[in-house]
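An overview of the molecular structure
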Amino acid sequence: MTRSQALFEEAKKYLPGGVNSPVRAFGSVGAVPPFLKKADRAYVWDEDDNRYVDFVGSWGPMILGHNQKEITDSVIEACRQGLSYGAATKIEVDMARQICEMVPSVEMVRMVNSGTEAVMSAVRAARGYTGRDKILKFTGCYHGHSDGMLVKAGSGAMTFGVPDSAGVPAAYTEHTLLAAYNDLDSVQTCFAAMGEQIAAVIVEPVAANMGVVLPEPGFLEGLRSICTQYGAVLIFDEVITGFRLCAGGAQQWFQVTPDLTTFGKIIGAGMPVGAYGGKREIMEMVAPIGPVYQAGTLSGNPVAMAAGMTQLRILKQNPQIYEQLNQTSEHFFKKLANSVYQAGLPWHINHIGSLGCLFFTDSVVHDYESALTSDTQAYAGFCNAMRKAGFYLAPSQFEAMFISAAHTTDQLDSLVQAASDYF
Ligand SMILES: *Cc1c(COP(=O)(O)O)cnc(C)c1O
């Protein structure tokens, strides 16, 4: 028995499913999860001392690679000043200014502790601001696990075939409307029926929780104009795309300006951090200056802020990081697509910047329905074979591959070679 197998058996006694987040259990690829103990640059190591090139990157935060020296040093230094005070600190001001400078649509921001919390709070602010109850989301988009958002929520829920969660009263989701990604007609239909009741449209500007699905030209622009027309708040959930596609996120990449934006993952550099922000007049609805209550004992925690602030500062001061990362990633995904083609397989790769996904389907994937045509068993075979060859890929067809600035062309080429051999 490997150490990971032994740990998994032990873990299952004390943790539901042996894990603290479902996809980590590797259930959808029918494997035992490697228990990781260490990471450096583009590598992770498991308890059995296997080394892998990491394509998960903690699900996105590690855009500069693991164990980045300046980030780690800033965290250690912050720790020495005490772990938390539950009081206002200078670094929160620095962090807020940094976010507002990098993402111009964000005029004010509130720090929270996870992407889930960011979305939950942004939705509340939008409801408070508009005085309306309904929220429109897209099938296959994931916005964290708050009650109202667990409707056709992609990733974990898709993999496990449980579209809605037990324990969520119907009353909590009756205000959640569903439309199809990349289908503006489905959005128009909702607005035509009840536009005056819709507080917000929330969307992943690049969907990255049903695999990676790009917005078709005009889709995000269409959402912007419908929201403007009906006085609804447009929320971009940039928990994955924020600070990843470029310094200003998907909204800069696609040149579409939302009213509110939610952040997570990269903003904390691996620490548990989220944030929501946007137009001043909406953010001024939030307590203590407005009537929308939202609070957090550990929000803006100085150690977490040190990590996030250092990562954002590096990204802001070195725009060539994005240029290089996006170019390297583009080459990688093209080579991978070519190896699929050379092997005579009909599968598709969707990719943008350092995000990508190999869909095991012969359909073009542009929404949830087409994503569901993927052969998840075939993905499982691929994922497990790659892990044996030393590459750590997400244990689900419906997750992205995350490339970091620490990945070398050699490391990426070696995955392409291993994949070619497997095909
Ligand atoms: C990961 C994710 C969330 C939830 O963030 P957590 O930190 O896991 O709560 C929300 N929205 C999107 C788009 C995500 O990818």
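Residues numbered from 1 in each chain as written. Predicted model: local features only at pLDDT ≥ 70, side-chain atom pairs only at ≥ 80, totals over all residues. Heavy atoms only, no water.

A short note on the overall build of the protein
A count of helices and strands for the protein gives 15 helices and 14 strands. A globule of 423 residues ought to have a C-alpha radius of gyration of about 22 Å, and the protein, at 21 Å, matches this closely. When its C-alpha atoms are laid out on the principal axes, the protein stretches across 55 × 55 × 45 Å. Within the protein, the fraction of its 423 residues that count as buried is 55%. As presented, the protein carries roughly 17,800 Å² of accessible surface, and 52% of it is formed by carbon and sulfur atoms. A distance of 6 Å separates the average location of the 30 positive side-chain charges in the protein from that of its 41 negative side-chain charges. (Helix = DSSP H or I, 4+ residues; strand = E, 2+ residues; numbered from the N terminus. Rg over C-alpha atoms; globule rule 2.2 N^0.38 Å. Buried < 20%, exposed > 50% of the residue type's maximum accessible area, 1.4 Å probe, protein only. Areas by Shrake-Rupley, 256 points an atom, 1.4 Å probe, with all protein chains shown as cover. Lys, Arg positive; Asp, Glu negative; His and termini not counted. Charge placed at Lys NZ, Arg CZ, Asp CG, Glu CD.)

Examining the side chain of Ser-121
Assignment of secondary structure puts Ser-121 in helix α4 (residues 115-130). Apart from the residues lying within four places of it in its own chain, the contact partners of Ser-121 are Val-112, Tyr-276 and Gln-294. (Contact = heavy atoms within 4.5 Å.)

With respect to helix α11 (residues 302-317)
The first and last C-alpha atoms of α11 sit 22 Å apart over 16 residues, in line with the 22 Å expected at 1.5 Å per residue. By the criterion of burial, α11 is predominantly enclosed, with 13 of the 16 residues buried. Of the residues that open α11, the one with a side-chain oxygen 2.9 Å from the backbone nitrogen of Val-303 is Asn-301. (Expected span 1.5 Å × (residues − 1). Polar contact = N/O pair within 3.5 Å; in protein donor to acceptor, adjacent residues only side chain to side chain.)

Description of the packing of helix α14 (residues 376-388) against helix α15 (residues 409-422)
The geometry of α14 relative to α15 is characterised by a closest axis approach of 10 Å and an angle of 125 degrees between their N-to-C directions. Taken together, the axes of α14 and α15 lie oblique to each other. Handedness of the crossing formed by α14 with α15: right-handed. For the pair formed by α14 and α15, the contact residues are Gly-381, Phe-382, Ala-385 and Met-386 on the first element and Leu-415, Ala-418, Ala-419 and Tyr-422 on the second. Residues that form the contact of α14 with α15 fall into these classes: seven nonpolar, one polar and no charged. (Axes fitted to C-alpha atoms, helices over the stretch in contact; angles between N-to-C directions. Parallel < 35°, antiparallel > 145°, perpendicular 65-115°, else oblique. Left-handed = near helix turned anticlockwise from the far one by under 90°. Nonpolar A, V, L, I, M, F, W, Y, C, P; charged D, E, K, R; others polar.)

Remarks on the packing of aromatic side chains
All told, the structure shown has 20 aromatic pairs when counted by the stated rule. Through a chain of ring-to-ring contacts, three or more aromatic side chains come together here, namely Trp-347, Phe-360, Tyr-379, Phe-382, Tyr-422 and Phe-423. Over the ring of Trp-45 we find Lys-38, and its NZ or CZ is 4.6 Å from the ring centre. For the cation-ring pair, Arg-51 lies above Tyr-43, with the distance from its terminal atom to the ring centre recorded as 3.9 Å. (Phe/Tyr/Trp six-rings, centres within 6.5 Å; stacked < 30°, edge-to-face > 60°. Lys NZ or Arg CZ within 6 Å of the ring centre and 35° of its normal.)

Some points on the pairing of strand β11 (residues 348-352)
Pairing analysis gives five bridges linking β11 to strand β12 (residues 355-359), with the strands arranged antiparallel. Each bridged residue has a counterpart across the sheet, and for Asn-350 the counterpart in β12 is Cys-357. Linking two consecutive strands that pair antiparallel, namely β11 and β12, is a turn of two residues; a positive phi of about 50 degrees is found at Gly-353 within it. (Pairing = 2+ DSSP bridges.)

Side note on the site of the ligand
Neighbouring the ligand are the residues Ser-114, Gly-115, Thr-116, Tyr-142, His-143, Gly-144, Glu-204, Asn-209, Asp-237, Val-239, Ile-240 and Lys-265. Within the backbone of Tyr-142, an N or O atom sits 3.3 Å from a nitrogen atom of the ligand. Here Asp-237 contributes a side-chain N or O atom positioned 2.7 Å from a nitrogen atom of the ligand. When the ligand sits alone it has 380 Å² of accessible area, and the protein chains cover 83% of it. Taken together, the residues that form the shell around the ligand break down as three nonpolar, six polar and three charged. (Near = heavy atom within 4 Å.)

Observations regarding unusual backbone geometry
Cis geometry is found at the peptide bond from Ala-287 to Pro-288, where omega equals 10 degrees. In this structure, Pro-288 sits in the loop between α10 (280-283) and α11. Of note, Phe-26 is a non-glycine position whose phi angle comes to about 65 degrees, a positive value. By the element assignment, Phe-26 lies in the loop between α1 (3-14) and β1 (36-40). Phi is positive for Lys-265, which is not a glycine, with a value near 50 degrees. Along the chain, the position of Lys-265 falls in the loop between β9 (260-263) and β10 (274-278).

What about helix α3 (residues 90-102)?
Over its 13 residues, α3 runs 19 Å from end to end, which matches the ideal 18 Å to within 8%, given 1.5 Å per residue. For α3, every residue scored as buried is listed here: Asp-94, Met-95, Gln-98, Ile-99 and Met-102. All buried residues of α3 lie within an arc of 130 degrees about the axis, which places them on one face of the element. Looking at the buried positions of α3, the neighbouring elements they touch are β4 (108-112), β9 and α11. (Arc of directions from axis to C-beta.)

What about the sheet that holds β1?
Within the open sheet, the four strands sit side by side as β1-β2-β3-β13. Their pairing is mixed. Taken across any chain shown, the strands that pair with only one partner, and hence form the sheet edges, are β1 and β13 (391-392). One ladder, built from two bridges, connects strand β3 (residues 51-54) with β13; its direction is parallel. Counted as the bridge partner of Asp-54 is Tyr-392 from β13.

Examining the pairing of β9
Side-chain alternation along β9 places Leu-260 and Thr-262 on one buried face and Thr-261 and Phe-263 on a second face that is also buried. On the question of chirality, the crossover connecting strand β8 (residues 233-237) to the parallel β9 by way of helix α9 (residues 249-254) is right-handed. (Right-handed = clockwise from strand over helix to strand, strands pointing away.)

Some remarks on the pattern of salt bridges
Pairing of side chains with opposite charge becomes possible as their charged atoms draw close. Within this structure, the stated rule accounts for 13 salt bridges. As a salt-bridge pair, Asp-49 and Lys-37 come within 2.6 Å of each other at their nearest N and O atoms. Taken as a pair, Asp-49 in the loop between β2 (43-46) and β3 and Lys-37 in strand β1 lie far apart in primary sequence, twelve residues in all. Its salt-bridge partner being Glu-330, residue Lys-334 comes within 2.7 Å of it at the nearest N-O pair. (Salt bridge = Lys/Arg side-chain N within 4 Å of Asp/Glu carboxyl O.)

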